[in-house]
Structure formats: structure tokens, C-alpha cells
Amino acid sequence: MTTPPTDQHKFAALDGIRGLLALAVAYGHFPGIIYFPGAIKINGGYCVDFFFLLSGFVIAYTTRQGLPTGPSVLSFITRRIGRLWPLHVSLLGVLILCKLQSTFVIWLTGKDKVIPFLESSYEPYKILTNLFMLQAFDPNGGSWNFPSWSIAAEFWVYILLALLVWKTP
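Attention here is on the structure that accompanies the text. All of these numbers come straight from a predicted model, not from anything done at the bench.

Description of the packing of helix H4 (residues 70-109) against helix H6 (residues 149-165)
Between H4 and H6, the least distance of the axes is 10 Å, while the angle of their chain directions is 170 degrees. Here H6 runs roughly antiparallel to H4, going by the angle between their axes. Contact with H4, carried on its side by Val73, Phe76, Ile77, Arg80, Ile81 and Leu84, involves Ile151, Glu154, Phe155, Tyr158, Ile159, Leu161 and Ala162 of H6 and no other residues of that element. For the contact of H4 with H6, the per-class residue count stands at eleven nonpolar, no polar and two charged.

Shown next as C-alpha cells:
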């Protein structure tokens, strides 16, 4: 007699599809790094949308019983932060270091008169919007890491989901 599949086993195929979609989105951001002769052009926007739909379905299914207590809501939010924020902030740090390095080289060579950190995508306040994952809501657009708008949007949708399914006593 076989045991019924667990929730984890039910979504193994969806995890594979989500992985392929994530790779397609990454490829869309770095088309010059990996070149496949004769490859079809992938619309990354549709891949992001479909990834969000699948992720939303999986998370909604796993929280279908609701988050009955304050501690379980806090645990859900903490797990989401732990999954998204560390890599996001690490990459932001790398980008800031790269900008500082390029600024130093520009100053040494004296070839460019651009004032660093005043370009629209690299304004200092955008470091804060990125740290607090608010870059998706910046009306001026641009960000230290442009693709991270999707992570910021996903993060705040997780928070909204937790509050919507929280069952108050």
C-alpha cells in the first residue's frame, strides 16, 4: 500500500516549472552573457507574471487553513524575509562597492566629470528604498538593482497575504 503524497510532493512539478521560469527571467536580464545561436526570444515579463502566479498558488495552498495566531503570522513573515532579504541586500552591497570602485577609477583618471551617486538610478535615498524593499513603489523609478522591483513587490504581497488570511479570534 502506498502512502498519499504530501503537499511537498504535490508541487514538485510546479517547482520545476518555477525554476525554469526563474532561469528564463535571469537570461532575459543577461542576454549577452550566455548566447544560444538560433534561440527563441523569451519575453521575461510574461515569465515573471507566470512565476508570480505559480508562487502565489503554492503559498495560498499552503496557508489555506489560515494563519490562526499572531505567532504563526510572525513566523510566516519571518520566513519570507529570510528567504528574500539576505540575497537582495548582499547584491545591493556588491553593487554599491562596484559603484564606489568605478567612482574611484573615474576620479583617478579625471576623464569624466559626472558626480557619482547623483545619477538617477544611484541616488543615495535609493539605497534606503532598496534596504526596506520599497523600490517597486518609487515614483521616480530606477534602482540600484533594477530587476529587484519584482522581489520588493513579492515581499509586500507576502505581507498582505499574511494579514488577509490571519484568522482573528
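Considerations on the nonpolar core
Ile59, Val73, Phe76, Ile77, Leu84, Met133, Ala152, Phe155, Tyr158, Ile159 and Ala162 together form the largest nonpolar core, which totals eleven residues. For this core, the secondary-structure elements that each account for two or more residues are H4 and H6. Sort the elements by how many residues they give to this core and H6 lands first, with five residues. For Ile77, the residues in contact, after removing those within four places along its chain, are Ile159 and Ala162. By size, the runner-up hydrophobic cluster in this structure holds ten residues, among which are Leu14, Val25, Cys47 and Phe51.

Considerations on unusual backbone geometry
A positive phi angle, near 55 degrees, is found at Met133, a position not held by glycine. Within the element layout of this structure, Met133 appears in the loop between helix H5 (125-131) and H6. You can call Met133 buried: its relative accessible area is 1%.

So, the pattern of salt bridges
Counting across every chain of the model gives two salt bridges. Here Glu123 ties to Lys126 by a salt bridge, and the two come within 3.9 Å at their closest N and O atoms. Here the salt bridges do not stand alone but share partners, grouping Glu123, Lys126 and Asp138 into one network.

Quick word on the packing of aromatic side chains
The description of two aromatic rings rests on the distance between their centres and on the angle between their planes. Going through the model one piece at a time under the given rule, you end up with three aromatic pairs. On the numbers, 6.4 Å between centres and 55 degrees between planes, the contact of Phe51 with Phe52 is tilted. Its relative accessible area of 26% is what places Phe52 among the partly exposed residues. With a centroid separation of 6.5 Å and 85 degrees between ring planes, the pair formed by Phe76 and Tyr158 is classed as edge-to-face. Taken together, the positions of Phe76 in helix H4 and Tyr158 in helix H6 put the pair 82 residues apart, joining distant regions of the chain. On the accessibility criterion, Tyr158 (9% relative accessible area) is buried. Sitting above the plane of the Phe76 ring, Arg80 keeps its charged end 5.4 Å from the centroid. Sitting above the plane of the Tyr158 ring, Arg80 keeps its charged end 5.1 Å from the centroid.

Quick notes on the rules
Residues numbered from 1 in each chain as written. Predicted model: local features only at pLDDT ≥ 70, side-chain atom pairs only at ≥ 80, totals over all residues. Heavy atoms only, no water. Axes fitted to C-alpha atoms, helices over the stretch in contact; angles between N-to-C directions. Helix = DSSP H or I, 4+ residues; strand = E, 2+ residues; numbered from the N terminus. Parallel < 35°, antiparallel > 145°, perpendicular 65-115°, else oblique. Contact = heavy atoms within 4.5 Å. Nonpolar A, V, L, I, M, F, W, Y, C, P; charged D, E, K, R; others polar. Core = buried A, V, L, I, M, F, W, Y, C linked by side-chain atoms within 4.5 Å. Buried < 20%, exposed > 50% of the residue type's maximum accessible area, 1.4 Å probe, protein only. Salt bridge = Lys/Arg side-chain N within 4 Å of Asp/Glu carboxyl O. Phe/Tyr/Trp six-rings, centres within 6.5 Å; stacked < 30°, edge-to-face > 60°. Lys NZ or Arg CZ within 6 Å of the ring centre and 35° of its normal.

So far we have only geometry, and geometry alone does not tell us how the molecule works.
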